[in-house]
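Analysis of the macromolecular model
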Amino acid sequence: MDYKKLLTIQDISCVGQCSLTVALPILSACGHETCVLPSAVLSTHTAGFSGFTFRDLTDDIPQICKHWKNENIQFDGIYTGYLGSVKQVAFVKEILDTLGKLNAVKIVDPAFADNGKLYPIFDEAYVEAMKTLCPSADILLPNISEACFLSGVEYRENYDETYIKTLLNELSKLGCATIVLTGVGYAPDKTGVAVYEKGKISYYEHTRIAKGCHGTGDVYASAFTGALFRGKTLFEASKIAADYTVRCIQFTQNDQTHWYGVKFEPLLPTLIQALE
Ligand code: PXL
């Protein structure tokens, strides 16, 4: 079995089932050593809770990296998500460029927007900074909103395959040749993943569950990363992650009290099984 040493860089939302509290268990369940660099510590995530605390850890990052470099610590893969500040993006770029082993794979989930809107703490300056991260990524993992902000293509709720093709072509001009675009649906009850590799698009369609759940982007990105580093192809990993995310939403959707995330933990055995 492939046992990889991975680094994931994203926030700790103490409560809310997103970012590190999702990535760490999922990557571990996929069988990988999972190292973490927290970008910020929040009391909860920012989508639906009010009065959340936010401690930006940007200024800790250079010292942490210096220590890792002194110890010759390097990673087989680096997966980045929700970051804490514009300044931090430059530090993360340096990590992507210097802390990977030879042939390390770097995955960047822009993690700053959904439904055509930026998440609360982010602004245009953050989008501009995120554009500079794209050339350092081997695989970019945006949703349609993030792809639009990054590429400058107009955001649309209704679209066709030509629009998605244009979006992916424009986005690739930022310097990332491989893109896994999530939330692409051409029929009301369907959604899916458009996988852009060497200018070619392949598409995996699956059921769309009407109730949108928070944190599913992180569940998807973590399962995708876990599967890819288990030796699955880009398309297989995209599919395994999509199927797992759908199962998590189905398992959560009827629980009215669980509005802030998905109950991904009881379904981890199904993800492990899909990797066999
Ligand atoms: O799931 C993305 C995410 C991660 N971290 C924090 C968030 C969000 C989305 O809103 O608020 C803190």
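See above for the structure.
Report follows, based on the coordinates. Sequence order as written defines the numbering, with residues in each chain counted from 1. Confidence filtering applies because this is a predicted model: local features only for residues at pLDDT of at least 70, side-chain atom pairs given and counted only at 80 or more, and all residues used for totals across whole chains, interfaces and linings. Side-chain numbers here rest on the full set of heavy atoms in the structure, without hydrogens or water.

Things to note about unusual backbone geometry
Quick note on the threshold: Numbering of helices and strands starts at the N terminus; helices are DSSP runs of H or I of at least 4 residues and strands are runs of E of at least 2. Here the term buried applies to any residue with accessible area under 20% of the maximum for its type, exposed to any over 50%, and partly exposed to those in between, with areas from a 1.4 Å probe on protein chains only.
In the Ramachandran plot, N103 falls in the positive-phi region, its phi being about 65 degrees despite a non-glycine side chain. Locating N103 in the fold gives a position in strand β5 (residues 100–108). Given the relative accessible area of 70%, N103 is considered exposed. Unlike most non-glycine residues, A111 shows phi in positive territory, near 45 degrees. Considering the arrangement of structural elements, one finds A111 in the loop between β5 and β6 (113–114). Of the residues examined, A111 reaches a relative accessible area of 7% and is grouped as buried.

A few points about the environment of W68
Put simply, the test is: Only heavy atoms enter the contact rule, under which two residues are in contact if any of them lie within 4.5 Å.
Relative to the helices and strands, W68 is located in helix α2 (residues 61–70). In sequence terms W68 and C14 are 54 residues apart; their C-alpha atoms lie 25 Å from each other. Setting aside residues no more than four positions away along its own chain, W68 makes contact with L7, V36, L37, I73, F75 and L99.

Examining the site of the ligand
As a reminder, the rule being used: Consider each residue's heavy atoms; a residue with any of them within 4 Å of a molecule or strand counts as near. N or O atoms closer than or at 3.5 Å make up a polar contact, with two conditions inside protein: a donor-capable atom paired with an acceptor-capable one, and, for residues adjacent in sequence, both atoms drawn from side chains. Accessible surface area values rest on a Shrake-Rupley calculation with a 1.4 Å probe, where residue burial reflects the displayed protein chains alone.
The environment of the ligand is made up of D11, S13, C18, S19, L42, H45, T46, A47, Y82, Y119, H214 and D218. At 3.1 Å from a nitrogen atom of the ligand is found a side-chain nitrogen or oxygen belonging to S19. At 3.3 Å from an oxygen atom of the ligand is found a side-chain nitrogen or oxygen belonging to H214. Out of a free accessible area of 320 Å², the ligand has 97% covered by protein chains.

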